[in-house]
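Examination of the molecular architecture
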Amino acid sequence: MKLQFPEGFIWGTSTAAYQIETASENNWKGLKCKDGTTFDKCSQHDLHRDEDLEYICQISNGYRMSHDWGKLQKAPFAEFDQKEVDAYLRFMEELKRRGKHIMLVLHHFTNPLWFEKEGSWEKEGNRKMWLDFVQKSVDTFGHLVDTWNTFNEPNVYVSNGWITGEFPPFKKGKILLARRVLKEISRAHEEAYDIIKQKSKAPVGISFNTVQFKGEIFPGHLFAKIADWWFMEYCHNHFLKQDFQGLSYYARMSFRPFPLDNMNHTEQLKKLGRRTDLMWEYDPKGFYNVFHRYWKKTKKPIIITESGICTHDPKVRIESIKEYLGWVHKAQQDGIPIQGYFHWSTMDNHEWNIGQYYRFGLVSVDFETGKRTMTEAGTFMGEVARNNSVEV
Ligand code: BGC
């Protein structure tokens with residue numbers, strides 16, 4: 001069956017500066033990951049920009065990207081580094097020349113070390129430093145941006161940094177601090193919205209990560225409810241000024257009674273007969289439920305800022321894309337305005353605290369040599385984008 005998407009639907013792929021560029025002086029540099037790799041160099045996009053641009057253009061008509069804040073700004077309120085500006089500008093100008101839609105993300109999990117030294121997002125008022133970065137980004141790159149994404153998944157950033165303690169600053173169970181960070185970040189977003197609007201007509205939103213939390217045995221029901229309330233509602237309610245609802249989704253999380261992922265609970269998930277990718281329990285239908293939930297809640301058009309699967313097998317990736325697009329299409333038929341789909345990720349990259357074994361790329365990358373190879377999944381995605389339809 002052929003599923004046709006609406007005219008003007010944005011097909012894109014997505015990356016984050018930290019995950020594809022050589023490490024800068026940021027709060028993740030040198031982190032030893034779960035798989036034993038340390039962040040130092042990975043896809044080295046900064047040394048392969050022209051080549052990567054060709055892949056991006058072959059695959060789709062959109063690209064969701066970020067800049068490395070610490071590379072652009074070496075100190076609080078400093079002028080942007082001209083060499084870095086030139087490299088980013090050249091890249092973005094070429095994307096525009098090829099008619100691509102650029103979604104620029106202004107914060108994707110990392111902070112420059114100097115921002116950390118100032119107390120990071122824990123200290124009220126520090127948002128002024130990031131807002132200065134926003135103002136300068138708008139002045140420098142704004143004319144090339146089609147859609148603005150202020151924060152990437154603030155709910156993941158806050159929860160992983162201050163509740164589960166998996167991300168820097170690795171603070172576990174610090175609920176009050178988490179709340180304080182969330183407040184500072186949400187104020188930063190609301191003020192960034194106004195800064196951007198003074199100069200740019202492009203829509204502004206956040207990307208919000210979603211998960212299906214399912215309590216399955218006592219007292220997992222209660223834990224799942226609390227997780228759902230915090231992650232899907234409370235965090236979300238802080239971000240009011242949004243022209244679109246950016247959504248990402250990767251996983252179902254079953255609580256028996258504690259949450260099961262596929263990195264630490266493989267046997268248990270296998271015994272339960274669950275579908276998994278390398279990281280999580282896999283259930284694409286959950287994204288369909290999420291579309292309905294947030295459409296009902298916000299009445300804002302939706303852009304899928306990230307969707308993908310952690311696997312080394314391009315055939316599995318193709319099946320997954322088909323399955324997800326089936327649910328996207330069905331939600332559109334239900335009347336939900338989903339305006340675009342950015343696949344995570346354009347190329348293999350560094351997966352945060354767990355490392356380089358965990359792959360999402362449409363383009364595979366040999367991290368030793370830097371060699372890129374288009375996978376079948378990338379070719380497939382390219383056909384989908386060109387035809388504005390998918391055969392399922
Ligand atoms: C993040 C990406 C990450 C992906 C897969 C998202 O939550 O924005 O940076 O690589 O999930 O884990």
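The structure under discussion appears in the preceding block.
As a starting point, this report considers the structure included with it. (Residues numbered from 1 in each chain as written. Predicted model: local features only at pLDDT ≥ 70, side-chain atom pairs only at ≥ 80, totals over all residues. Heavy atoms only, no water.)

**Let's talk about the site of the ligand**
Every residue near the ligand is listed here: Gln19, His108, Asn152, Glu153, Tyr250, Met279, Trp280, Glu306, Trp344, Glu351, Trp352 and Phe360. For the ligand, the accessible surface in isolation is 310 Å², of which the surrounding protein chains cover 95%. Its residues assigned to classes, the shell around the ligand shows six nonpolar, three polar and three charged. (Near = heavy atom within 4 Å. Areas by Shrake-Rupley, 256 points an atom, 1.4 Å probe, with all protein chains shown as cover. Nonpolar A, V, L, I, M, F, W, Y, C, P; charged D, E, K, R; others polar.)

**Structural notes on the pattern of salt bridges**
Counted according to the given criterion, the structure contains 33 salt bridges. With a shortest N-O distance of 3.1 Å, glutamate 94 and arginine 98 are connected by a salt bridge. By relative accessible area, arginine 98 is classed as partly exposed at 30%. In this structure, the salt-bridge partner of lysine 241 is aspartate 194, at a minimum N-O distance of 2.8 Å. Within this pair, whereas lysine 241 is found in the loop between helix H9 (220–237) and strand E7 (245–255), its partner aspartate 194 is found in helix H8 (residues 175–199), the two being separated by 47 residues in sequence. A single salt-bridge network, built from bridges that share partners, covers Glu216, Arg252, Arg256, Arg274 and Glu281. (Salt bridge = Lys/Arg side-chain N within 4 Å of Asp/Glu carboxyl O. Buried < 20%, exposed > 50% of the residue type's maximum accessible area, 1.4 Å probe, protein only. Helix = DSSP H or I, 4+ residues; strand = E, 2+ residues; numbered from the N terminus.)

**Some thoughts on the side chain of serine 307**
Tracing the sequence through the fold places serine 307 in strand E8 (residues 302–307). With a relative accessible area of 1%, serine 307 lands in the buried category.

**Looking at the pairing of E7**
Judged by how many residues are buried, E7 sits mostly within the fold: eleven of eleven residues are covered. Sheet topology places E7 next to E8; five bridges connect them, and they run parallel. The partner of leucine 247 across the bridge, within E8, is isoleucine 304. (Pairing = 2+ DSSP bridges.)

Keep in mind these numbers describe shape, not what the thing actually does.
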